[in-house]
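Structural overview
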Amino acid sequence: MANVFDQLVNDFMAKVIAKNPSEVEFHQAVHEVVETLIPYIEENPQYKEAKILERLVEPERVILFRVPWLDDKGEVQINKGYRIEMNSAIGPYKGGLRFHPTVNLGILKFLAFEQVLKNSLTTLPMGGGKGGSDFDPKGKSDNEVMKFCQSFMTELSKHIGPNTDVPAGDIGVGGREIGFLFGQYKRIRNEFTGVLTGKGLGWGGSLIRPEATGYGATYFAEEMLKTRGDSLKGKTVAISGSGNVAQYACEKVTQMGGKVVTLSDSSGFIYDPNGIDAEKLQYVMWLKNVKRGRISEYAKKFDCEYHEGLRPWGVKCDVAMPNATQNEVNEDEAKTLVANGCFVVSEGANMPSTPEAIAVYQEARMLYGPGKAANAGGVAVSGLEMSQNSLRLSWTREEVDARLLQIMKDIHANCVKYGKREDGTIDYVTGANIGGFVKVADSMLAQGLV
Ligand code: NDP
Ligand code: 2IT
């Protein structure tokens, strides 16, 4: 039987690759999903006849635009702007904006594709989208970032709206950028509305949105551990990244009794065997969010090891949380993690593990929570921000956090429902893919050929 499915997967992928040449990250994300979905679709022919899978991999709309702006020297700069409106079957397009020099169509399409299934898993009514630019905020002044954001939004504002498409942050887009983008949208449209999430608390933002992705990925790790009668308490945790997701994962792991021993950025990682406690994390937040410096400065301040040009996966740990970027754990690193006794991987980042690394986790029967399940807490609280904006109310920190925890538990339960293996362990990849797919697919069937 496996061979029949392999052939179907290969045939499907051959078409996706032919239609979207050179979009390698998109191919990777689609392959991971169709590998688990095709056997399910063969058992449920209504999806096959309606070509739901073929429709899912074709964005409803792709918007590509020029972003011209003036730098502080008065020189003209040109960047590319993108918004992928992937799927609106269950709600307005929803997903972040990424500003990073590596951004291209293939990366944004992989992110938008995963977002569709992730948003469905949250149980909230959100379709999937993603956007961004090859603009690099690093080394730019606040004024330059503002000029860029204003130019970017001048075009993007024609395509988004609180009932159409609601962007948020991702790599390189945090509170500062969302502020500049929101200000320009309001100015152009003369409308104060929830068109973006991740807003500041005084102007429509939600409590717990900054924390949500890191907290959610930590809650998801705890839920996975519970299936083995275990918990994060006393566990040693390796985290990559030192941005939004990494910072709040570090905070929540520490609060739940774990010890975080690593953080990283694109230059290298720090190893602090004593643990990155609340006080040291305050420093990291200042270093990264205010000073916008390098993680190597942590090692100097707290006198610990810094490894230039390396990732943290060679460190002994029980739990790994890749929270930086795509393909940041490869096959050899996954093998090293397993050899060192690591048995939990909860992905705060999107697609941080290569397909070969995932095969290692699955073979070792690790508790492996793929990004579209484990990091769905961020967009889930974005969904709660949209609800609060519609109600013109704000919920308390406790209320939003309780809802986030419940959503992460529900996502976990959905993964268990669709991903239980015959040996009793859970294949969270299959669980998340089918769990996310069913609601979107049924909605597409109900809405006809659109
Ligand atoms: P930030 O921009 O706040 O932080 C990104 C971190 O990752 C930085 O430490 C950065 O280092 C590092 N990084 C970025 N690119 C690379 C690279 N090519 N190689 C090595 N390190 C890199 O972004 P977020 O924390 O928001 O996002 C991190 C991940 O989480 C991404 O995969 C994102 O898609 C995902 N995610 C984010 C959500 C959110 O709500 N923000 C929600 C769900 C997922 P440096 O400073 O050197 O660039
Ligand atoms: O990848 C993601 O889920 C995000 N960057 C968050 C998207 C959102 O709309 O909050």
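1. With respect to the overall build of the protein chain
Counting its regular elements, the protein chain contains 17 helices and 12 strands. Computed over the C-alpha atoms, the radius of gyration of the protein chain is 21 Å, within 12% of the 22 Å expected from 2.2 N^0.38 for a compact globule of 450 residues. When its C-alpha atoms are laid out on the principal axes, the protein chain stretches across 65 × 55 × 45 Å. Evaluated residue by residue, the protein chain yields a buried proportion of 58% over its 450 residues. Long-range pairs, those at least 24 residues apart, make up 71% of the contacts in the protein chain between residues at least 6 apart in sequence. Summed over all atoms, the accessible surface of the protein chain reaches about 18200 Å², with 52% contributed by carbon and sulfur. Computed over 51 positive and 56 negative side-chain charges, the separation of the two mean positions in the protein chain equals 5 Å.

2. Looking at the site of ligand 2
Near ligand 2, the surroundings consist of 14 residues, among which K94, K118, D170, R209 and S382 are the closest. With respect to ligand 2, the side chain of D170 contributes an N or O atom lying 3.0 Å from a nitrogen atom. The fraction of the free accessible surface of ligand 2 (300 Å²) that becomes covered by protein chains is 94%. For the shell around ligand 2, the elements supplying multiple residues, two or more each, are β3 (93-99), α5 (105-121) and α15 (377-391). Of the residues in the shell around ligand 2, the class split is two nonpolar, seven polar and five charged.

3. Observations regarding helix α8 (residues 209-226)
With 18 residues, α8 should reach 26 Å at 1.5 Å per residue; the first-to-last C-alpha distance of 25 Å fits that figure. Counting buried residues along α8, 16 of its 18 residues qualify, which places the element largely inside the surrounding structure.

4. What to know about the packing of helix α16 (residues 397-419) against helix α17 (residues 428-446)
Look at α16 against α17: their axes get within 7 Å of each other, and the N-to-C directions meet at 105°. Overall, the two elements α16 and α17 adopt an arrangement that is roughly perpendicular. Every residue of α17 that contacts α16 at H412, N414, C415, Y418 and G419 is listed here: Y428, T430, G431, A432, I434, G435 and V438. Looking at the contact of α16 with α17, its residues break down into six nonpolar, six polar and no charged.

5. Quick look at helix α12 (residues 331-339)
For α12, the complete set of buried residues consists of E333, A334 and L337. Seen end-on, α12 carries its buried residues on one side only, within an arc spanning 100°. Across from the buried face of α12, at angles greater than 90 degrees, the exposed residues are D332 and A339. Elements in contact with the buried residues of α12: β10 (319-321) and α13 (355-363). At the N-terminal end of α12, a side-chain oxygen is found 3.2 Å from the backbone nitrogen of D332, two or three residues along, and the residue is N330. Phi turns positive one or two residues past the end of α12, at G341, with a value near 95°.

6. Focus on the environment of A299
When you line up the elements, A299 lands in helix α11 (residues 296-302). Among the residues examined, A299 registers a relative accessible area of 8% and is labelled buried. The spatial distance from the C-alpha of A299 to the C-alpha of D272 is 8.1 Å, given a sequence separation of 27 residues.

So, how was this worked out
- Residues numbered from 1 in each chain as written.
- Chains lettered and ligands numbered in written order.
- Predicted model: local features only at pLDDT ≥ 70, side-chain atom pairs only at ≥ 80, totals over all residues.
- Heavy atoms only, no water.
- Helix = DSSP H or I, 4+ residues; strand = E, 2+ residues; numbered from the N terminus.
- Rg over C-alpha atoms; globule rule 2.2 N^0.38 Å.
- Buried < 20%, exposed > 50% of the residue type's maximum accessible area, 1.4 Å probe, protein only.
- Contact = heavy atoms within 4.5 Å.
- Areas by Shrake-Rupley, 256 points an atom, 1.4 Å probe, with all protein chains shown as cover.
- Lys, Arg positive; Asp, Glu negative; His and termini not counted.
- Charge placed at Lys NZ, Arg CZ, Asp CG, Glu CD.
- Near = heavy atom within 4 Å.
- Polar contact = N/O pair within 3.5 Å; in protein donor to acceptor, adjacent residues only side chain to side chain.
- Nonpolar A, V, L, I, M, F, W, Y, C, P; charged D, E, K, R; others polar.
- Expected span 1.5 Å × (residues − 1).
- Axes fitted to C-alpha atoms, helices over the stretch in contact; angles between N-to-C directions.
- Parallel < 35°, antiparallel > 145°, perpendicular 65-115°, else oblique.
- Arc of directions from axis to C-beta.

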